[in-house]
Amino acid sequence: MSLLDTPLTRHTGIEVPLIGGAMYPCSNPELVAAVSDAGGVGIVQPISLTYVHGHDYREGLRYIRRLTPKPIGFNALIESSSRRYHERMVRWVAIALEEGIRFFITSLGNPRWVVDAVTPMGGVVYHDVTERKWALKGLQAGVHGLIAVNNRAGGHAGPKSAEALIEELGDLGLPLVCAGGVGTPEQFVQALRLGYAGVQLGTRFIATTECRASEAYKQAIVRASENDIVLTERVSGVPLSVIDTPYIRRMGLKAGPLARWMLRGQRRKRWMRMIYALKSFYQLKHASLDETGEKDYWQAGKSVAGINAVEPAGAIVRRFAAAAAVVDAAEKRVGTTR
Ligand SMILES: Cc1cc2nc3c(=O)[nH]c(=O)nc-3n(C[C@H](O)[C@H](O)[C@H](O)COP(=O)(O)O)c2cc1C
């Protein structure tokens, strides 16, 4: 059995079972292309592509295509609290298919409409989950794989460890991808050896030369240790993993009383979610690009502990692949001498 030849690599036609995860606001086209070009798969975050990095959506996809001929993926956040947003996402998925994308990662909501659109075109859908109940919903909707987001992830982390998730989801018969806490080649190999079909990395790819995030943000990731990562509800109403800074401490980590009241009622909750979504899109965009670092909502996960330099994304993918290839070669040798 090879660590580099997995259901994920076969589903997507990539060489290294490594996903450069979608990151609002950090997924710029050059970063997505660099991960794919080195043999992994970079994921387009459409709001990041258009609103943060200023590309027309279809032209942005074509720009990435000019940077690499290799497969790329698309992140569909399918939370449906706004009809306009849902309609836009339906259009974006259709255009992604027209532009040749065949790998889709859905987050939140029910992924069935994405599966129905993508499967007849020969594509696959992997669904982000943090626990079994969401995985069962994905399974019912016909997804082809699951991204198991664990408690060390950047962005919105889940409550469970990578080990617990593989235990909990292992019997569902779907390929599982480990998302969270992987910052070094050793951790990459460890996740594959646990039985994961691939690994999704976010934080590691912010500290790269291709990422357009500010230098201050990248250096904060390089400097940070695991204890510097805290969860704040101030940005999106649900815990978001960020680097502890004086600004974060000034703002506090809990949602304010008005937000908490809004989040309690069914109808109010929908409004509050929408307000949070708009506010966080604005806030995170500015924080990620601002060189002064005064209002620093710097999203990052616990993998910061293993990130010690800003490097080209391709070098990271190749280093991780080489570490897995060494294990593969050693196991083959043992196999032939047995
Ligand atoms: C800055 C940042 C933004 C993120 N934005 C998104 C997003 O828009 N959509 C999504 O599905 N996941 C998002 N994620 C999660 C990543 O795709 C990935 O699953 C996660 O970062 C893996 O954990 P790691 O940061 O420890 O590598 C984000 C993560 C980070 C760090």
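Treat the numbers as computed from the prediction; the structure is a model and nothing was measured.

Draft legend 1. Up close: the side chain of histidine 127. Tracing the chain through its elements places histidine 127 in strand S5 (residues 124-129). A relative accessible area of 3% means that histidine 127 is categorised as buried. In terms of polar contacts, histidine 127 uses its side chain to reach the side chain of threonine 106, at 2.7 Å. Those residues in contact with histidine 127 that sit more than four places away from it in its chain are Thr106, Ser107, Leu108, Gly109, Pro111, Trp134, Gly138, Val143, Gly145, Leu146 and Ile147.

Draft legend 2. Local environment of the nonpolar core. In this structure, Leu18, Phe74, Phe104, Phe188, Tyr196, Phe205 and Ile221 are the most contacted members of the largest nonpolar core, which totals 88 residues. Element by element, the count of residues in this core is highest for helix H15 (residues 313-337), at 7 residues. Aside from chain neighbours lying at most four places away, what touches phenylalanine 188 is Val16, Pro17, Leu18, Val182, Val199, Phe320, Ala321 and Ala324. Of all hydrophobic cores here, the second largest spans 15 residues; its members include Phe103, Val124, Val149 and Val177.

Draft legend 3. Geometry of helix H5 (residues 83-98). Here H5 contains 16 residues, and its C-alpha end-to-end distance of 23 Å stays within 8% of the 22 Å for a straight helix at 1.5 Å per residue. Inspection of H5 places Met89, Trp92, Val93, Ile95, Ala96 and Leu97 among the buried residues, and these make up the whole buried set. Just downstream of H5 lies glycine 100, where phi reads positive at about 95 degrees.

Draft legend 4. Focus on the packing of helix H4 (residues 57-67) against H5. Contact geometry for H4 and H5: axes closest at 10 Å, N-to-C directions at 35 degrees. In the crossing of H4 with H5, the sense of the turn from one axis to the other is right-handed. Across the interface between the two elements, Tyr57, Arg58 and Leu61 of H4 pack against Trp92, Ile95, Ala96 and Glu98 of H5. Considered class by class, the residues forming the contact of H4 with H5 number 5 nonpolar, no polar and 2 charged.

Draft legend 5. Geometry of the environment of leucine 136. Structurally, the position occupied by leucine 136 is in helix H7 (residues 132-141). Considering only alpha carbons, one finds leucine 136 and leucine 172, 36 residues apart in sequence, at a separation of 8.2 Å.

Draft legend 6. A look at H7. What H7 keeps buried is the set Ala135, Gly138 and Ala141. For H7, the buried positions fall inside an angular range of 120 degrees around the axis, keeping them on one side. In H7, the exposed residues that point more than 90 degrees away from the buried face are Lys133 and Gln140. On its buried face, H7 sits against helix H6 (112-118), S5, strand S6 (145-149) and helix H8 (162-169). Of the residues flanking the end of H7, it is glycine 142, one or two places downstream, whose phi is positive at about 90 degrees.

Draft legend 7. Seen up close, the pattern of salt bridges. For the structure shown, the criterion picks out 14 salt bridges. Between glutamate 168 and lysine 160 there is a salt bridge, with its nearest N and O atoms 2.7 Å apart. Taking relative accessible area as the criterion, glutamate 168 reaches 18% and is therefore assigned buried. One network of salt bridges, in which partners are shared, links Arg58, Glu59, Arg62, Glu98 and Glu99.

Draft legend 8. Quick peek at the pairing of strand S7 (residues 176-179). The alternating pattern of S7 places Leu176 and Cys178 and Val177 and Ala179 on opposite faces, both of which are buried. Bridge count for S6 against S7 is 4 bridges, and the pairing is parallel. Looking at S7, one finds that alanine 148 is bridged to cysteine 178. Between the parallel pair S6 and S7, the chain is carried across by H8, and the sense of this crossover is right-handed. Bridge analysis of S7 against strand S8 (residues 198-201) gives 3 bridges, and the strand direction is parallel. Bridge pairing in S8 links cysteine 178 to valine 199.

Draft legend 9. View of the site of the ligand. In the vicinity of the ligand lie 23 residues, with Ala22, Gly181, Gln200, Gly202 and Thr203 positioned nearest. Between the ligand and aspartate 128 there is a distance of 3.4 Å, counted from an oxygen atom to a side-chain nitrogen or oxygen. Considering the ligand on its own, with 590 Å² of exposed area, one finds that the protein chains cover 93% of that surface. Elements represented by at least two residues in the shell around the ligand include exactly S8 and helix H10 (203-206).

Draft legend 10. Layout of the sheet that holds strand S2 (residues 41-44). Pairing is parallel around the closed barrel formed by 8 strands, whose spatial order is S1-S2-S3-S4-S5-S6-S7-S8. Pairwise comparison of adjacent strand axes, ignoring direction, gives a mean angle of 25 degrees for this sheet.

Criteria and thresholds
Residues numbered from 1 in each chain as written. Predicted model: local features only at pLDDT ≥ 70, side-chain atom pairs only at ≥ 80, totals over all residues. Heavy atoms only, no water. Helix = DSSP H or I, 4+ residues; strand = E, 2+ residues; numbered from the N terminus. Buried < 20%, exposed > 50% of the residue type's maximum accessible area, 1.4 Å probe, protein only. Polar contact = N/O pair within 3.5 Å; in protein donor to acceptor, adjacent residues only side chain to side chain. Contact = heavy atoms within 4.5 Å. Core = buried A, V, L, I, M, F, W, Y, C linked by side-chain atoms within 4.5 Å. Expected span 1.5 Å × (residues − 1). Axes fitted to C-alpha atoms, helices over the stretch in contact; angles between N-to-C directions. Left-handed = near helix turned anticlockwise from the far one by under 90°. Nonpolar A, V, L, I, M, F, W, Y, C, P; charged D, E, K, R; others polar. Arc of directions from axis to C-beta. Salt bridge = Lys/Arg side-chain N within 4 Å of Asp/Glu carboxyl O. Pairing = 2+ DSSP bridges. Right-handed = clockwise from strand over helix to strand, strands pointing away. Near = heavy atom within 4 Å. Areas by Shrake-Rupley, 256 points an atom, 1.4 Å probe, with all protein chains shown as cover.

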